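One-letter residues, chain by chain:
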Amino acid sequence: MTKEKLYKGLADAVVDMDESTVARLSEEAVCNRFDAYETIDMGLAKGMERAGQLFEDEEYFVPELLMCSEALTVGVDILKPHIRRSEREDKHKIVIGVIRGDTHDIGKNLVKLMLSSAGFEVVDLGRDVPTNTFVDRAVEESARIIMISSLMTTTMEGMKEVVSILQERGIRSRFKVVIGGGPVSQGFADKIGADAYSPNANHAVRLANELVREDAREPK
Amino acid sequence: MNSISPRERLLRSLGGKTVDRPPVICPGGMMNAAVVDVMTSGIYKLPEAHHDPDLMSGLAGNVQRETGFENFGIPFCMTVEAESLGSEVDYGSLECEPKIGREPFPSVKEVEFRPRGVIGRTARAEAVIEAITSLSREYEDIPAIGSVTGPLSTAASIVDPMPFLKDLRREKDAAHRVLDYVCGELEDYARLMVEGGASVISIADPTATGEILGPKIFREFALPYLNRLADAVHAAGVPVIIHICGNVRSIKSELALLRGDALSVDAMVNLKALKGETPGITTMGNLSTYLLEFGNEGSVGKSVRALMNQDIDIMAPACGLSTSTPIENIRAFTSAVRETG
């Protein structure tokens, strides 16, 4: 099988939630000594990208997206040990969590898995996270982006508090703050001074890519 | 204007009969109005009132009087069911509602089935039923609404939600067995509420949304169990409200198959359009809870009047209220309904 055909097969298998085909093709890539990093990037991750688009188009929903991610993980586990050290580039770090008072973490988990499969290093703070913890951990981890999720109108104020804490500590410009979740809107993001609002998990990946590119362009 | 009681008005609305104006209610559970303002001005407070029947009925009474909602809504959380089936619950505080601390089962295949009738036998469920009983005895004219967490949401509160959602695709049989078990328990619990005197049962199933499940899985795993629960409540002799969270765009044809007596939806749903598309439906909703928290009396009144022009049958908040919602805004909501109607 040619490289291109195998990559396409892997991407299709991720979209089809077909774990056994992902496993078979990943093994084949290893046997054929295809570059493992490229196989993940051009095969598995491409499939996840397509799954994310299907999710955004409302053809796939949460259970489907989770199963695609499960298939992707099967492939990554096979290929990862074969990645050459020199190719392990520095990944951009993102801290993510559900704000204090809120334990709805389905959305956050989706964003996390889409970001990880797009190559970001995601530090997951979990759910019901105190506002200070977002800031403390972002500093500790030298993250570039802080993503905060809330599914309840009750807890949205906490997002504003995170932005205020960053301002008070004089480190606002070191981080991009992205917010998301059911009751949240672009208007609310503007109001509290967040850098961006993401309406869904797939959009969050595009945003993260844009924000790190912007970040790279800004003079230090 | 006051010729019919709030109870009769609500029951007539749910039965599709004519009324002088829509009732304005807040059914309890996820959508309860035990806001901080009500508690600080009275003697009944959370989290204590989650456990004690007298405190619970006392608080429900204060909520009703202070807010102007035309019902008692009990309980004030959606953790009673999952706790009875094995989940750890964090009871929260005055400001913060209870939540599931940890789901005990990592997948649907590992759920331990407890003997039938377990929800009704736990102390917290007994407190809920006692509170409903005493309120419905004391106030014949004000409907007591018993709030039950929907089957899918209860199941996703005892099984870790991420594996649970995957199991809806990969372990269908085991997922159905868990939902069958959970649904049976919820039916028993709802029946006890009705026997205690609940005038209406309200089912909120926030995990069973079109946005999370999509139409296919909603049809296979949400719809049949919601209908089974609704049928059991009907057999017990009272009507049912079903609340579906989030955007319903993808599940409109499924909503038409729900056998509840009223459909309550989130703020982004246009109820007038939904009514046009689903003839015969009784609509409930859907005043933005964000507006209730951050708006003022004027903006709330204006929104209420706009909503009432959509011919909504039962006026209610669109979602769970923030506990820091100002009481003035809630009063502006309920009095605008009374004045406009």
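As the structure is a computational prediction, the values presented were derived from the model and not from experiment. (Residues numbered from 1 in each chain as written. Chains lettered and ligands numbered in written order. Predicted model: local features only at pLDDT ≥ 70, side-chain atom pairs only at ≥ 80, totals over all residues. Heavy atoms only, no water.)

(A) View of the overall build of chain A. Along the backbone of chain A there are 9 helices and 5 strands. Tracing chain A from N to C terminus, the helices and strands come up as α-α-α-α-β-α-β-α-β-α-β-α-β-α. Its C-alpha atoms give chain A a radius of gyration of 18 Å, within 12% of the compact-globule value 17 Å for 220 residues. Dimensions of chain A, computed from the C-alpha atoms along their principal axes, are close to 55 × 40 × 25 Å. Across the 220 residues of chain A, 54% fall into the buried class. For chain A, restricting intrachain contacts to residue pairs at least 6 apart in sequence, the fraction spanning at least 24 positions comes to 74%. (Helix = DSSP H or I, 4+ residues; strand = E, 2+ residues; numbered from the N terminus. Rg over C-alpha atoms; globule rule 2.2 N^0.38 Å. Buried < 20%, exposed > 50% of the residue type's maximum accessible area, 1.4 Å probe, protein only. Contact = heavy atoms within 4.5 Å.)

(B) Just the interface of chain B and chain A, in detail. Counting from both sides, the interface comprises 28 residues of chain B and, opposite them, 23 residues of chain A. Overall, the association of chain B and chain A removes approximately 2200 Å² of surface from exposure, summing both partners, and the carbon and sulfur fraction of that is 60%. On the surface where chain B and chain A come into contact, there are 6 salt bridges. On inspection of chain B and its partner chain A, the count reaches 8 residue pairs in polar contact (both at pLDDT 80 or more). Looking at the side of chain B that touches chain A, the elements that each hand over two or more residues are strand E3 (99-102), helix H8 (161-170), helix H10 (210-236) and helix H13 (289-294) of chain B. It is H10 of chain B that provides the largest number of residues to the side of chain B that touches chain A, a total of 7 residues. Tallied by class, the residues present in the side of chain B that touches chain A amount to 11 nonpolar, 8 polar and 9 charged. (Buried area = accessible area lost by both parts, 1.4 Å probe. Salt bridge = Lys/Arg side-chain N within 4 Å of Asp/Glu carboxyl O. Polar contact = N/O pair within 3.5 Å; in protein donor to acceptor, adjacent residues only side chain to side chain. Nonpolar A, V, L, I, M, F, W, Y, C, P; charged D, E, K, R; others polar.)

(C) Focus on the domain arrangement of chain A. Residues and elements named next belong to chain A. Splitting chain A by domain gives domain 1 (3-86) and domain 2 (93-217). Between the C-alpha centres of domain 1 and domain 2 the distance comes to 27 Å. The partner domain 2 presents 10 residues to the 12 residues of domain 1 that form the contact. Both faces combined, the contact of domain 1 with domain 2 buries some 850 Å², and carbon together with sulfur accounts for 71% of it. A per-residue breakdown of the area domain 1 buries against domain 2 is headed by Met48, Phe55 and Glu56, which together make up 44% of the total. (Domains from an automatic or database assignment.)

(D) Here's a closer look at the packing of aromatic side chains. In total, this model carries 6 aromatic pairs over all chains according to the counting rule given. Plain terms: the ring middles of tyrosine 7 of chain A and phenylalanine 34 of chain A are 6.5 Å apart, the flat faces sit at 75 degrees to each other, and that makes the pair edge-to-face. Of the two residues, tyrosine 7 of chain A is situated in helix H1 (residues 3-15) and phenylalanine 34 of chain A in the loop between helix H2 (19-31) and helix H3 (36-56); the sequence distance between them amounts to 27 residues. With respect to class, tyrosine 7 of chain A is no different from phenylalanine 34 of chain A; both count as buried. Consider the rings of phenylalanine 69 of chain B and phenylalanine 333 of chain B, whose centres lie 5.8 Å apart with planes at 85 degrees: the pair is edge-to-face. Highlighted residues: phenylalanine 69 of chain B in the loop between helix H3 (53-67) and strand E1 (72-74) and phenylalanine 333 of chain B in helix H15 (residues 327-340), separated in sequence by 264 residues. As far as burial versus exposure is concerned, phenylalanine 69 of chain B and phenylalanine 333 of chain B are alike and both buried. These aromatic residues form a ring-pair network of at least three members: Phe188 of chain A together with Tyr290 and Phe294 of chain B. Across the ring face of phenylalanine 294 of chain B, the terminal group of lysine 191 of chain A is positioned such that the distance to the ring centre comes to 5.4 Å. (Phe/Tyr/Trp six-rings, centres within 6.5 Å; stacked < 30°, edge-to-face > 60°. Lys NZ or Arg CZ within 6 Å of the ring centre and 35° of its normal.)

(E) The arrangement of the pairing of strand E2 (residues 121-124) of chain A in detail. Residues and elements named next belong to chain A. With 4 bridges connecting them, strand E1 (residues 93-98) and E2 associate as parallel partners. Bridge pairing links valine 95 to valine 123 in E2. With respect to chirality, the unit in which E1 leads through helix H5 (residues 106-117) into the neighbouring parallel E2 is right-handed. (Pairing = 2+ DSSP bridges. Right-handed = clockwise from strand over helix to strand, strands pointing away.)

(F) Spatial organisation of the sheet that holds E1 of chain A. Residues and elements named next belong to chain A. Pairing in this open sheet of 5 strands is parallel, and the strands run E2-E1-E3-E4-E5 from one edge to the other. Of all strands in the sheet, those bounded by a partner on one side alone are E2 and strand E5 (196-198). Mean inter-strand twist for the sheet, computed between neighbouring axes without regard to direction, equals 25 degrees. Across 5 bridges, the pairing between strand E3 (residues 145-149) and strand E4 (residues 176-180) is parallel. Paired with isoleucine 145 across the two strands is lysine 176, which belongs to E4. (Axes fitted to C-alpha atoms, helices over the stretch in contact; angles between N-to-C directions.)

(G) Structural view of helix H1 (residues 6-14) of chain B. Residues and elements named next belong to chain B. Taken together, the buried positions of H1 are occupied by Arg9, Leu10, Ser13 and Leu14. All buried residues of H1 project into a common sector of 130 degrees when viewed along the axis, lining one side. Positive phi shows up at glycine 16, right after H1, with a value of about 75 degrees. (Arc of directions from axis to C-beta.)

(H) Expanded view of the environment of arginine 24 of chain A. For arginine 24 of chain A, the location among the structural elements is in helix H2. Separated by 107 residues in sequence, arginine 24 of chain A and threonine 131 of chain A place their C-alpha atoms 44 Å apart.

(I) Looking closely at the side chain of serine 199 of chain B. Residue and element names in this part refer to chain B. Tracing the sequence through the fold places serine 199 in the loop between helix H9 (172-196) and strand E5 (200-204). Since its relative accessible area comes to 5%, serine 199 is described here as buried. Setting aside residues no more than four positions away along its own chain, serine 199 makes contact with Arg7, Leu11, Pro143, Ala144, Val238 and Pro239.

(J) Expanded view of the side chain of threonine 289 of chain B. Tracing the sequence through the fold places threonine 289 of chain B in helix H13. Threonine 289 of chain B gets classed as buried once you look at its relative accessible area, which sits at 5%. Among all residues touching threonine 289 of chain B, those that are not within four sequence positions of it are Thr153 of chain A together with Pro317, Ala318, Cys319, Gly320 and Leu321 of chain B.

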